[in-house]
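Letter by letter, the chains look like this.
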Amino acid sequence: MRSGFVLKLCGFGTFALFALILVSPKATIAPPAEPEASIAEEGVVPSDQENWATSDLPLSANSPATSIGRVFTGNGEPAQAEDPHETSRNEEHQANVEARVAELLGLSGKTDRRSMDTLLAEVDSPDQEIREAALDAISQSANRSVIPELLAIAEQTQDPGLKRAIAETVEFLKTPTLTEVLEGQVHQ
Amino acid sequence: MLAAALLAASAPRSEAQNTVLNIVQELRFKLTGYYQMSPTENASTFFRHAGKVSISNNDIINLLEPQVNIIFTSDARLLLIRGTPVDLTPRVVIRDRFEGEQFDTDVTEYFSAQIFVSIEDTKINKNPLKGSGVCYEVVSFELNLTDVNFRIQGLGNMKVSTGKHEGDPVAIVHTGKVEASGSGEYQVSVLSGVVPVALFGTVQISGKDVKAMTE
């Protein structure tokens, strides 16, 4: 009877072990993520990849262009697939910014009140290129009468970068110009 | 090399013998100079003082007026004239107006520019010509006058785009800001003599116009 019990116990243990093996979760290896297959949007395409791009064979997940790794843009960032609508919007926005920057820089050297008001209105523009152009044009004007207004803008803004840029512009305006020094207007 | 080939293929053929296409860009200098002032002392301490001076386009134009015997208006602009497709020694010109007429005065003899190296990281569409990307340029400017001289040099992280002539894209253009530094000298007075100056600041190069000029 005792041996019978032992045999039943062994059999149950074997069955339990077998059941555990069947039920336990299997470890799976996820397939590697496929690298970007698109050509870099910016930057020069390396000569070897250019050959693949122009060959008769279509680019696929196993093609050399994708199996080696990602194609990087000139500034080290992975290439992104182009959205033509977004590219068009970005180009239009950039064209508008460039046009406005050109207008502001065209006021460089002018000291009349209207020009100063136009430039001061853009000092806190949301676009950094426009802000820089406005401050550069104000610097060129050597018009120290706008210093209080620049300081007021710096006081109101929370942007530390803009505060610093305005402070630099004010410092430049306060500095005697070479013309003033050579004409003896500034005592040594 | 690719840009040069593209431009050679796309540049319009001029009827005139010596009409060339030049990129006309505007220069804006914003420099700060430090110079040694007269020392002071008290019973226990000797002081050396650094004076500060700002240099912008107006100052440079004022210095060039006696050299060319022209008194320019406050609207006068400093321009950089670059030949196409590549020009490492562009001309410096002051553009102004007199009685409504525009005139250019070449001041390269006194104020020159040189591009030592220009490295592009760009994409250039062949047809129509369209360039985009960045360009790393090392640029220097030198003012050489009797009473004042300086030389500054710096690296510009320039933006590459397309210059147009009468609406047609014809050239690859570089615009941006050069972070420059250098040194110079100026004569404070006959008694004080020549004073050395340490300079730093920026030179903004802007504009994408391409103009046909007779040379």
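Residues numbered from 1 in each chain as written. Chains lettered and ligands numbered in written order. Predicted model: local features only at pLDDT ≥ 70, side-chain atom pairs only at ≥ 80, totals over all residues. Heavy atoms only, no water.

Visitor: Lay out the overall build of chain B with the relevant residues and their values.
Guide: When you go through chain B residue by residue, the secondary structure sums to two helices and 12 strands. Start at the N end of chain B and walk to the C end: the helices and strands fall as α-β-β-β-β-α-β-β-β-β-β-β-β-β. When the 215 residues of chain B are sorted by exposure, 46% land in the buried category. Considering only residue pairs separated by 6 or more positions, chain B has 58% of its internal contacts joining residues 24 or more positions apart. Carbon together with sulfur atoms contributes 52% to the accessible area of chain B, which is approximately 11,200 Å² in total. (Helix = DSSP H or I, 4+ residues; strand = E, 2+ residues; numbered from the N terminus. Buried < 20%, exposed > 50% of the residue type's maximum accessible area, 1.4 Å probe, protein only. Contact = heavy atoms within 4.5 Å. Areas by Shrake-Rupley, 256 points an atom, 1.4 Å probe, with all protein chains shown as cover.)

Visitor: So what's going on with the pairing of strand β8 (residues 111–125) of chain B? Residues and values would help.
Guide: On a regular strand, each side chain points to the face opposite its neighbour's, so the side chains alternate between the two faces of the sheet. All names here are of chain B. In this structure, β8 lies alongside strand β9 (residues 130–144), joined through 14 bridges in antiparallel fashion. Across the sheet, the residue bridging to Ile 119 is Tyr 136, located in β9. Adjacent in sequence and paired antiparallel, β8 and β9 are bridged by four residues. (Pairing = 2+ DSSP bridges.)

Visitor: Got a sec to walk through the interface of chain B and chain A? Specific residues and values, please.
Guide: Between chain B and chain A, the contact holds 32 residues from the first and 29 residues from the second. In this assembly, chain B and chain A are joined by five salt bridges. Note that Lys 52 of chain B and Glu 171 of chain A form a salt bridge whose closest N and O atoms lie 2.9 Å from each other. Seen at the junction of chain B and chain A, the total is 14 residue pairs in polar contact (both at pLDDT 80 or more). With six residues, the top contributor of residues to the side of chain B that touches chain A is strand β1 (residues 19–36) of chain B. The class makeup of the residues in the side of chain B that touches chain A is 10 nonpolar, 11 polar and 11 charged. (Salt bridge = Lys/Arg side-chain N within 4 Å of Asp/Glu carboxyl O. Polar contact = N/O pair within 3.5 Å; in protein donor to acceptor, adjacent residues only side chain to side chain. Nonpolar A, V, L, I, M, F, W, Y, C, P; charged D, E, K, R; others polar.)

Visitor: Any details on helix α2 (residues 57–68) of chain B? Residues and values, ideally.
Guide: Residues and elements named next belong to chain B. Given a rise of 1.5 Å per residue, 12 residues ought to cover 16 Å, and the 16 Å separating the end C-alpha atoms of α2 matches this to within 8%. Taken together, the buried positions of α2 are occupied by Asn 57, Asp 59, Ile 60, Ile 61, Leu 63, Leu 64, Glu 65 and Val 68. Looking one or two residues beyond α2, the residue adopting positive phi is Asn 69, at roughly 55°. (Expected span 1.5 Å × (residues − 1).)

Visitor: So what's going on with unusual backbone geometry? Residues and values would help.
Guide: With an omega of -5°, the peptide bond between Thr 84 of chain B and Pro 85 of chain B qualifies as cis. At the junction of Asn 127 of chain B and Pro 128 of chain B, the peptide bond is cis and its omega measures out at 0° in the coordinates. With respect to the helices and strands, Pro 128 of chain B occurs in the loop between β8 and β9. We note that Ala 142 of chain A has phi near 55°; this positive angle belongs to a residue other than glycine. Assignment of secondary structure puts Ala 142 of chain A in the loop between α6 (128–141) and α7 (147–156). Phi is positive for Asn 69 of chain B, which is not a glycine, with a value near 55°. Mapped onto the elements of the fold, Asn 69 of chain B is located in the loop between α2 and β5 (77–83). Classification of Asn 69 of chain B as exposed rests on a relative accessible area of 70%.

Visitor: An account of the confidence of the model for chain B is needed here, citing residue identities and associated values.
Guide: All names here are of chain B. The pLDDT averaged across chain B works out to 89; a share of 90% of its residues lies at or above 70. pLDDT under 50 marks residues 1–15. Its contacts with residues more than four places away, or in other chains, come to 18 contacts. Here the complex is predicted with pTM 0.74, and the ipTM for its interfaces comes to 0.84. (pLDDT = per-residue confidence, 0-100.)

Visitor: Give a detailed account of empty space enclosed by the protein, specifying residues and quantitative values.
Guide: Counted by the stated rule, this structure contains three cavities of 30 Å³ or more. A volume near 60 Å³ is recorded for the largest cavity. Among the elements of the structure, β10 (148–165), β11 (168–189) and β12 (193–214) of chain B are those that each provide at least two residues to the lining of the largest cavity. The residue makeup of the lining of the largest cavity, split by class, is seven nonpolar, two polar and one charged. Its volume calculated, the second largest cavity comes out at about 40 Å³. Lining the second largest cavity are Asp 136, Ser 139 and Gln 140 of chain A together with Arg 28, Lys 30, Thr 202 and Gln 204 of chain B. Only α6 of chain A together with β1 and β12 of chain B provide two or more residues apiece to the lining of the second largest cavity. The biggest single contributor to the lining of the second largest cavity is α6 of chain A, with three residues. (1 Å grid on protein atoms, 1.4 Å probe; cavity = no way out; pocket = protein on both sides within 12 Å on 5 of 7 lines; lining within 4 Å. Points joined across faces, edges and corners; volume = space filled by probe spheres on them.)

Visitor: Describe helix α4 (residues 84–105) of chain A, and please don't skip the residues or the numbers.
Guide: Residues and elements named next belong to chain A. With 22 residues, α4 should cover 32 Å at 1.5 Å per step; its first-to-last C-alpha distance of 31 Å lies within 8% of that length. Residues Val 97, Val 101, Leu 104 and Leu 105 constitute the buried set of α4. In a view along the axis of α4, the buried residues occupy a sector of 85°, so they form one face of it. Opposite its buried face, α4 presents the exposed residues Pro 84, His 85, Arg 89 and Glu 92, each directed more than 90 degrees away. (Arc of directions from axis to C-beta.)

Visitor: Before we move on, can you summarise the packing of aromatic side chains with the specific residues and values?
Guide: For any pair of aromatic rings, geometry is given as the distance between the ring centres together with the angle between the planes. Residue and element names in this part refer to chain B. Within this structure, the stated rule accounts for seven aromatic pairs over all chains. An angle of 85° between the planes, with centres 5.0 Å apart, marks the rings of Phe 29 and Phe 141 as edge-to-face. You can see Phe 29 sitting in strand β1 and its partner Phe 141 sitting in strand β9, a full 112 residues away along the chain. Taking relative accessible area as the criterion, Phe 141 reaches 1% and is therefore assigned buried. Taken together, a centroid distance of 6.4 Å and an interplanar angle of 15° make the contact between Phe 72 and Phe 103 stacked. Of this pair, Phe 72 sits in the loop between α2 and β5 while Phe 103 sits in strand β7 (residues 101–106), and the two are 31 residues apart along the sequence. For Phe 103, a relative accessible area of 25% translates into the label partly exposed. Aromatic ring contacts, followed pair by pair, group Phe 29, Phe 111, Phe 141 and Phe 150 into a single cluster. (Phe/Tyr/Trp six-rings, centres within 6.5 Å; stacked < 30°, edge-to-face > 60°.)

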